[in-house]
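One letter stands for each residue in the lines below.
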Amino acid sequence: MKKLSIIFILTIFVQLLWAQKSVEIKKWNVTNPQKINLPAFSAVKNIEGETFKRTNLLINTKVNFNNKSLIWKTIEVAEDSIILNKPDSNNLVLFIAYLSVDRWTKGNLNLKLNAYYEIYVDDELVKTKKKADLKNNKIELKLNLGNHKLAIKAITANENLKLAADFEYSKDFNNCNATASLNNKKYYTINDVLEGKNVSSAEISPSGKYVLINFSETIHNSGKAKRYSKIYNLEKNKNISILRNKNISNVSWLPKTDKLTYSSSFEKKSEIFVFDLQSGEEKSIVKGIENLSNFAWSPNEDYIIYSDYIKAKKPGDLKRVYGADDRLPYFRNRSFLHKVDVISGNVTQITAGNLSANLQDINPDGTKILFSTSKMDYAEVPFRKQNLYEMDVNTFDLKTIWEDKIYSGYCQYSPDGAKLLVQGSPECFGKIGVNVSEGKIPNDYDNQLYFYDLATKKATSISKNFDPAINNAYWSKNNNIYVSAAEKDYVNLYKYNQKSKSFNKLKLSVEVLGNINYSYNKPLAVYTGTSISTPKKLYLLNLKKQTSTLLSFPEKERFANIEFGKTEKWNFVNKSGTTIYGRVYYPPFYDANKKYPVIVNFYGGTSPIERSFGGRYPINNWASNGYIVYVLQPSGATGFGQNFSALHVNGWGFDPIDDIIDGTKKFLKTHSSADSKNVGCIGASYGGYTTMFIQTQTNIFKTAVSHAGISSISSYWGEGYWGYTYNTCAAKYSYPWSRQDMYVKNSALYNADKFQNSILLLHGTSDTNVPVGESLQYYAALNILGKDVEMVLVDGQNHWILDYQKRIKWHYTIISWFDKKLKNQPQQWNDMYPDKNL
């Protein structure tokens, strides 16, 4: 008898253990009933013998669930409780509640509602009910960690309206915590990254009176984007015109007058227009242009220089390759320059020959243009030489500024036309821009600025002792030089003082400056930018007062309800005594007394991971999924001074690897809430190389994710579209046959037998930058060695995953892998990629 009692108790215990948990959804926000009229003859049967379906009213009724014109009230429901006493039929009622889960969760939403309804989860339709009865509807849901909006759009029948709802976990999720509430705060999701309205760019008119603002709006669940432009009057603080659904491109202001110019194409030919805001008149300047690429107006607005883009004929089934770059499918395409006389409309081709011509600038007095050509030369690094020319636009007389320059530069005229402002590498003019210790080779990607005197042909470095890397520069007609520069993980704006030869930082309202555009006649500019937990905004900048005024933040309402975790800087000193900069992102629900898995993110290539918002690798979202994210800038990144960036040159697998391992160990030691037993790392491209290789050098990373990684430096050098040209910097003067200590010994493929723990390899099948073979061969090696490796290939995608639906799946592939390995939560991964015996 005693034995039977024990068995009975154990049976009850097991049943309780495996019983499916559920959470009741009792509180709802509900609107007052809104009468909807039926169409005429709705009671008459159609030719199929059916009467009008009231669910059609749901489909055709577009309602914003947060419409402030509706009257909302809060109700609490229980089983069989009456929400509305016999409302009239065909009334529209809206319900909203929120369901929060602390991990990826699978379960069923059980809903009883005696009405015709549609139910939406996070604004996506999941169920339509076509009968107004109280039968339970079981709706399967897969919910990511976070707070989810449940919204019901219902049409009443002529009976008491009743509602009951609960969420029932699937049996594998009994340790999940779900909460129903009316709290509309949420965490940052991949949909917030990809969707919504954003300012793509902006230009201020020459007078500083108007701003042309270009918007892009990506539609939820489609990935399709609507693009349009607004013209904003700064004096009246209002929009005065909208350009929507027009077949136009290259929209910009004329150089000196507040008129718009743009091009339009029809039947493979283009036409350039001018639009006068005041009169509303559109004027055609030139038509019938074939293969138009881009165009620029002269400062006096009397002529246009445009560039065409001519695709070469396909060579046929067999192609002789003339040089290493001829393997690229676009290498034989060419661009030439043409001049359009605005008054007559006459077009004259002004460059021809075997080499493409690129317009660099137009002299401020309009009499001359500056353009360049370049050609491959495999006898000397970096295998390309530039010629720079100045042409008289009236006589077409040509003057050579420089010839066969091995380090090219981007040039613009000074206001008086006597000098050039040149942006180029530290070795653009020999050693005058180089600032590295003896024995180091400067990093060609660490852009510098120079003055070049056209009369004396003498160059002067102006940024040699300036640590930030130059992004772009603008020389105003008032002789002021403004410089956008990458400084550590920020992008800042500086003004260069020519008298004191110093750079002065200007105050901005963003941490990472995006695009900036300057007014010709006034000390004004417009700029876009983001900050570490703030999306893109558009500002007006007074360059004299250094004050910024917000012009546009299209996603203000959406982001008002999103909660972000705290962020902070965290730096350490490496073995060489150099400070390695980094930052930390915490989950929004962070509790210092708890342990959290850690993701370490790095690039390790030549540019820092900016503290910008969103992007291809949305760090804020990783943190929102319950991870502490540590981002560091290993040795070799630009923006920290030339000595630091020089460590990138011939640095494959050396200093950056040591910095990441050393930094991670020190980070874990000083952060008690970081779970040192559950640490992963992630990197892409060069960062993917670093990820692949680092798993052969240390065991501190329980798992890793490599996107588009390089497993063999030598195969990437030979097969990647830009492999050998990128290595004219990253492996300068070093080749597979001369530096096997780097190309072989520091490649993950040749260290596969030393691999530890686990890795997920991701790659686009159409990647031209880092061919997919880099992941395929590493996967094969690790498979043969019996290592813990998975590989997911993204069909038809290049180096970046741009397709909307594929991007979302790719994103959740990363999150689910980390959840599986670092949280012991394999359910989402298994749901996406179930095991198969092939």
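Residues numbered from 1 in each chain as written. Predicted model: local features only at pLDDT ≥ 70, side-chain atom pairs only at ≥ 80, totals over all residues. Heavy atoms only, no water.

Undergrad: Would you mind going over the overall build of the chain with me for this structure?
TA: Per the secondary structure count, the chain includes 14 helices and 53 strands. Here the chain has a C-alpha radius of gyration of 31 Å; the compact-globule value for 838 residues is 28 Å, and the two agree. Taking the principal axes of the C-alpha coordinates as reference, the chain spans close to 105 × 70 × 60 Å. Counting only residues that meet the buried cut, the chain has 53% of its 838 residues in that class. Here the contacts in the chain between residues at least 6 apart in sequence split such that 62% fall between residues at least 24 apart. With an accessible surface of roughly 39,000 Å², the chain has 48% of that area assigned to carbon and sulfur atoms. Side-chain charges of the chain comprise 105 positive and 79 negative groups, with the mean position of each set lying 4 Å from the other. (Helix = DSSP H or I, 4+ residues; strand = E, 2+ residues; numbered from the N terminus. Rg over C-alpha atoms; globule rule 2.2 N^0.38 Å. Buried < 20%, exposed > 50% of the residue type's maximum accessible area, 1.4 Å probe, protein only. Contact = heavy atoms within 4.5 Å. Areas by Shrake-Rupley, 256 points an atom, 1.4 Å probe, with all protein chains shown as cover. Lys, Arg positive; Asp, Glu negative; His and termini not counted. Charge placed at Lys NZ, Arg CZ, Asp CG, Glu CD.)

Undergrad: Explanation requested: the environment of S548 in the structure shown.
TA: Examined against the element boundaries, S548 turns out to sit in strand β42 (residues 547–552). Residue S548 is classed as partly exposed on the basis of its relative accessible area, which comes to 24%. For S548 and S279, which are 269 residues apart along the polypeptide, the C-alpha to C-alpha distance reads 31 Å. Residue contacts for S548: discarding those within four places in its chain leaves K507, L508, S509, Y527, Y539, L540 and L541. Engagement of the side chain of S548 in a polar contact is seen with the side chain of Y527, the distance being 2.7 Å. (Polar contact = N/O pair within 3.5 Å; in protein donor to acceptor, adjacent residues only side chain to side chain.)

Undergrad: Just to check I follow, could you spell out a nonpolar patch on the surface for this structure?
TA: Together, Y309, Y330 and W722 make up an exposed nonpolar region whose accessible area comes to about 280 Å². Positionally, Y309 belongs in the loop between β24 (303–308) and β25 (337–341). Among the residues examined, Y309 registers a relative accessible area of 34% and is labelled partly exposed. (Patch = residues over 30% accessible without salt bridge, like charges linked within 9 Å, V, L, I, M, F, W, Y side chains within 5 Å. Salt bridge = Lys/Arg side-chain N within 4 Å of Asp/Glu carboxyl O.)

Undergrad: Would you mind going over the nonpolar core with me for this structure?
TA: The tendency in soluble globular proteins is for nonpolar side chains to be buried side by side. Counting 57 residues, the largest nonpolar core has V600, W652, F667, I759 and Y778 as the members making the most contacts within it. When sequence neighbours within four positions are dropped, the list of residues in contact with Y778 reads M692, T696, S711, A748, L749, A752, F755, I759 and L761. Counting residues in hydrophobic clusters, the runner-up holds 35 residues, among them L84, V101, A115 and L143. (Core = buried A, V, L, I, M, F, W, Y, C linked by side-chain atoms within 4.5 Å.)

Undergrad: Mind showing me how you'd approach the packing of aromatic side chains here?
TA: Any two aromatic rings considered together are summarised by their centre-to-centre distance and by the angle between their planes. Here the structure, examined in full by the defined rule, presents 55 aromatic pairs. Considering the side-chain rings of W652 and Y689, the 4.9 Å spacing of their centres and the 85 degrees angle between planes classify their relative orientation as edge-to-face. Residue W652 is located in the loop between α6 (642–645) and α7 (655–670), and its partner Y689 is located in helix α8 (residues 686–694); the two are separated by 37 residues in the primary sequence. Accessibility expressed as a relative area gives 0% for W652, which makes it buried. Just above the ring of Y581 sits the side chain of K488; from NZ or CZ to the centre is 5.1 Å. (Phe/Tyr/Trp six-rings, centres within 6.5 Å; stacked < 30°, edge-to-face > 60°. Lys NZ or Arg CZ within 6 Å of the ring centre and 35° of its normal.)

Undergrad: Please explain the sheet that holds strand β17 (residues 225–233) as it appears in this structure.
TA: Backbone-to-backbone hydrogen bonds pair the strands of a sheet. The strands run either parallel or antiparallel. Spatial ordering of the open sheet is given by β15-β16-β17-β18, a layout of four strands whose pairing is antiparallel. Here the strands that pair on one side only, and so sit at the sheet edges, are β15 (196–204) and β18 (238–244). Within the sheet, the average angular offset between the axes of one strand and its neighbour, ignoring direction, is 25 degrees. Relative to β18, β17 is paired through six bridges, and the arrangement is antiparallel. Looking across to β18, one finds that N233 is bridged to K238. (Pairing = 2+ DSSP bridges. Axes fitted to C-alpha atoms, helices over the stretch in contact; angles between N-to-C directions.)

Undergrad: I would appreciate a short explanation of helix α12 (residues 773–784) in the present structure.
TA: Every α-helix winds through 3.6 residues per turn, so residues three or four apart in the chain are directed the same way. Along its 12 residues, α12 runs 16 Å from first to last C-alpha, staying within 8% of the 16 Å computed at 1.5 Å per residue. Considered for burial, the residues of α12 that qualify are E774, S775, Y778, A781 and L782. Projected down its long axis, α12 carries its buried residues within an arc of 130 degrees, all on one side. Residues of α12 that are buried sit in contact with α8, α9 (713–719), β52 (758–764) and β53 (788–794). Looking at the residues trailing α12, positive phi occurs at G786, about 75 degrees. (Expected span 1.5 Å × (residues − 1). Arc of directions from axis to C-beta.)

Undergrad: How do you make sense of the pairing of strand β2 (residues 27–31) when you look at a structure like this?
TA: The side chains of a regular strand alternate, first on one face of the sheet and then on the other. The element β2 is extensively covered by neighbouring structure, given that four of its five residues are classed as buried. Note that β2 and strand β6 (residues 91–101) share two bridges and pair antiparallel. If you follow V30 over to β6, its bridge partner there is F95.

Undergrad: Before we go on, may I ask you to explain the sheet that holds β25 in this structure?
TA: If you trace the four strands from one edge of the open sheet to the other, you get β23-β24-β25-β26, paired in antiparallel fashion. Of all strands in the sheet, those with a lone pairing partner are β23 (292–297) and β26 (347–349), marking the two edges. This sheet shows a mean twist of 25 degrees between the axes of neighbouring strands, independent of strand direction.

Undergrad: Before we go on, may I ask you to explain the environment of G683 in this structure?
TA: Along the chain, the position of G683 falls in strand β50 (residues 674–684). In this structure the C-alpha to C-alpha distance between G683 and A704, which are 21 residues apart in sequence, comes to 8.4 Å. Each residue touching G683, except ones within four places of it in the same chain, is listed here: F602, G688, T691, V705, S706 and H707.

Undergrad: Hey, could you run me through the pairing of strand β7 (residues 105–113) in this one?
TA: The buried count for β7 comes to seven of nine residues, which makes it a mostly enclosed element. Relative to strand β10 (residues 137–143), β7 runs antiparallel, the two sharing seven bridges. Residue pairing in the sheet places L111 in a bridge with N137 of β10. Sheet analysis places β7 next to strand β12 (residues 161–169), joined by seven bridges and oriented antiparallel. Bridge pairing in β12 places G107 opposite Y169.

Undergrad: How do you make sense of the state of the cysteines when you look at a structure like this?
TA: Such a bond, covalent and formed between the sulfur atoms of two cysteines, is termed a disulfide. The full count for this structure, using the stated rule, is zero disulfides. Free of any disulfide, C729 has its nearest cysteine sulfur in C428, 14 Å distant. For C729, a relative accessible area of 2% puts it in the buried group. (Disulfide = S-S within 2.5 Å.)

Undergrad: Would you explain the pattern of salt bridges in this entry?
TA: Two side chains carrying opposite charge are able to pair once their charged atoms lie near each other. Enumeration according to the criterion identifies 34 salt bridges in this entry. With a shortest N-O distance of 3.1 Å, D133 and K129 are connected by a salt bridge. For D133, a relative accessible area of 22% gives the class partly exposed. A residue is classified by how much of its surface remains accessible, and K129, at 5% relative accessible area, is buried. Across the pair R611 and E511 runs a salt bridge, and its minimum N-O distance is 3.1 Å. Linking R611 in the loop between β48 (596–601) and α5 (619–624) with E511 in the loop between β38 (502–506) and β39 (512–518), this pair joins segments that are 100 residues apart in sequence. Overlapping salt bridges bring together K186, D192, E555 and R558 as one network.

Undergrad: I would appreciate a short explanation of the environment of S645 in the present structure.
TA: Assignment of secondary structure puts S645 in helix α6. Taking C-alpha positions, S645 is 52 Å from Y169, a pair spaced 476 residues apart along the chain. In this view, S645 contacts N443, D446, G636, A637 and T638; residues no more than four positions away in its chain are not counted.

Undergrad: Sorry if this is basic, but what is going on with the packing of α7 against α8 here?
TA: Helix-helix packing is described using two parameters, namely the angle between the two axes and the distance between the axes. Where α7 meets α8, the axes come as close as 11 Å, and the angle between the chain directions of the two elements is 65 degrees. As judged from the angle between their axes, α7 and α8 are roughly perpendicular. Both α7 and α8 take part in a crossing whose hand is right-handed. Counting all contacts with α7, which are made through I657, I660 and I661, the residues of α8 involved are T690, F693 and I694. (Parallel < 35°, antiparallel > 145°, perpendicular 65-115°, else oblique. Left-handed = near helix turned anticlockwise from the far one by under 90°.)

Undergrad: Looking at this structure, I do not really get the side chain of D276. What am I missing?
TA: Assignment of secondary structure puts D276 in strand β21 (residues 269–276). Polar contacts involving the side chain of D276 include one to the main-chain amide nitrogen of Q278, which spans 2.9 Å. In contact with D276, other than residues within four places in its own chain, are K259 and E281.

Undergrad: Even after reading the chapter, I still don't get unusual backbone geometry, so can you show me in this structure?
TA: Outside of glycine, negative phi angles account for most residues, and trans bonds account for most peptide bonds. Cis geometry is found at the peptide bond from V381 to P382, where omega equals 10 degrees. Even without glycine at this site, D122 takes up a positive phi of about 55 degrees. Structurally, the position occupied by D122 is in the loop between β8 (115–121) and β9 (124–129). Phi at E267 is positive, roughly 50 degrees, even though this residue is not glycine. You can see E267 is positioned in the loop between β20 (259–266) and β21.

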